[in-house]
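Reading the structure
The chain contents come next:
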Amino acid sequence: MNYFYPNPYAYYNGGYNGSYYPYQQPNPDSADEQSYIENILRLNLGKMVSVYMNFENSQWGSKIFKGKLEAAGKDHIIISDPSNNTRYLLLTIYLNYVTFDEEINYYYPYHTKNN
């Protein structure tokens, strides 16, 4: 028996993806993914944030960027400063933490308001 044939069930749920396992579309609401920082930030797009960055061994040292959260990816955050219409592309490798000026949207399957 040849075990290198693609899984016949891989053609369901949107098509064949070249793997030997069933294809599954990425789900942005997936509970397994919600604890990642970029997913938490994506749940809060449009909110005002302060992004605390540390540029070790550089002339900038630590710096705070304030603005509206526009986008978030695995390695970056984009914010816009409404006071001067400047947009910042910030690399998360330098990220210390983020604060919000209002309550945040957060979902994690084991999180409850009582925790």
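Structure: above.
Presented here is an overview of the structure given in this document. A quick note: this is a predicted structure, and the numbers were derived from the prediction, not measured.

Here's the deal with the overall build of the protein
Of the regular secondary structure elements, the protein holds one helix and five strands. Starting at the N terminus and ending at the C terminus, the protein contains elements arranged as α-β-β-β-β-β. A total of 115 residues make up the protein; the buried ones form 26% of that total. At a minimum sequence separation of 6, the contacts of the protein that also span at least 24 residues come to 40%. Approximately 8800 Å² of the protein is accessible, and the part contributed by carbon and sulfur atoms is 51%.

Things to note about the packing of aromatic side chains
Tallying each qualifying case throughout the model produces five aromatic pairs. With centroids separated by 6.0 Å and ring planes inclined at 70 degrees, the aromatic side chains of F55 and W60 adopt a geometry described as edge-to-face. Assessed through its relative accessible area of 53%, W60 is described here as exposed. Taken together through their ring pairs, the aromatic side chains of F55, W60, F65, Y88 and Y94 make up a single cluster. One residue, K74, lies across the ring of Y36, its end atom 5.9 Å from the ring centre.

Description of the nonpolar core
Grouped together as the largest cluster of nonpolar side chains are 13 residues, with contacts concentrated most on V51, M53, F65 and I79. Taken together, the elements giving at least two residues each to this core come down to β1 (48–55), β2 (61–72), β3 (76–81) and β5 (95–100). The element that contributes the greatest number of residues to this core is β1, accounting for four residues. In this structure F65 touches V49, S50, V51, M53, F55, I79, Y88 and L90, once residues within four positions along its chain are discounted.

Some points on the environment of I37
Within the element layout of this structure, I37 appears in helix α1 (residues 37–42). Overall, I37 belongs to the partly exposed group, its relative accessible area being 41%.

Re unusual backbone geometry
Although it is not a glycine, N57 sits at a positive phi angle of roughly 60 degrees. With respect to the helices and strands, N57 occurs in the loop between β1 and β2. The phi dihedral of N85 is positive, around 55 degrees, even though this residue is not glycine. With respect to the element layout, N85 can be found in the loop between β3 and β4 (86–91). Residue classification places N85 among the exposed positions, given a relative accessible area of 62%.

Brief notes about the sheet that holds β1
Overall, antiparallel pairing links the five strands, which are arranged β4-β3-β2-β1-β5 in an open sheet. Edge strands, defined here as strands with exactly one partner in the open sheet, are β4 and β5. Each strand of the sheet is rotated relative to its neighbour by a mean of 40 degrees, with strand direction disregarded. Across five bridges, β1 lies against β5 in antiparallel orientation. Paired with V51 across the bridge in β5 is V98.

Each value, and the rule that gives it
- Residues numbered from 1 in each chain as written.
- Predicted model: local features only at pLDDT ≥ 70, side-chain atom pairs only at ≥ 80, totals over all residues.
- Heavy atoms only, no water.
- Helix = DSSP H or I, 4+ residues; strand = E, 2+ residues; numbered from the N terminus.
- Buried < 20%, exposed > 50% of the residue type's maximum accessible area, 1.4 Å probe, protein only.
- Contact = heavy atoms within 4.5 Å.
- Areas by Shrake-Rupley, 256 points an atom, 1.4 Å probe, with all protein chains shown as cover.
- Phe/Tyr/Trp six-rings, centres within 6.5 Å; stacked < 30°, edge-to-face > 60°.
- Lys NZ or Arg CZ within 6 Å of the ring centre and 35° of its normal.
- Core = buried A, V, L, I, M, F, W, Y, C linked by side-chain atoms within 4.5 Å.
- Pairing = 2+ DSSP bridges.
- Axes fitted to C-alpha atoms, helices over the stretch in contact; angles between N-to-C directions.

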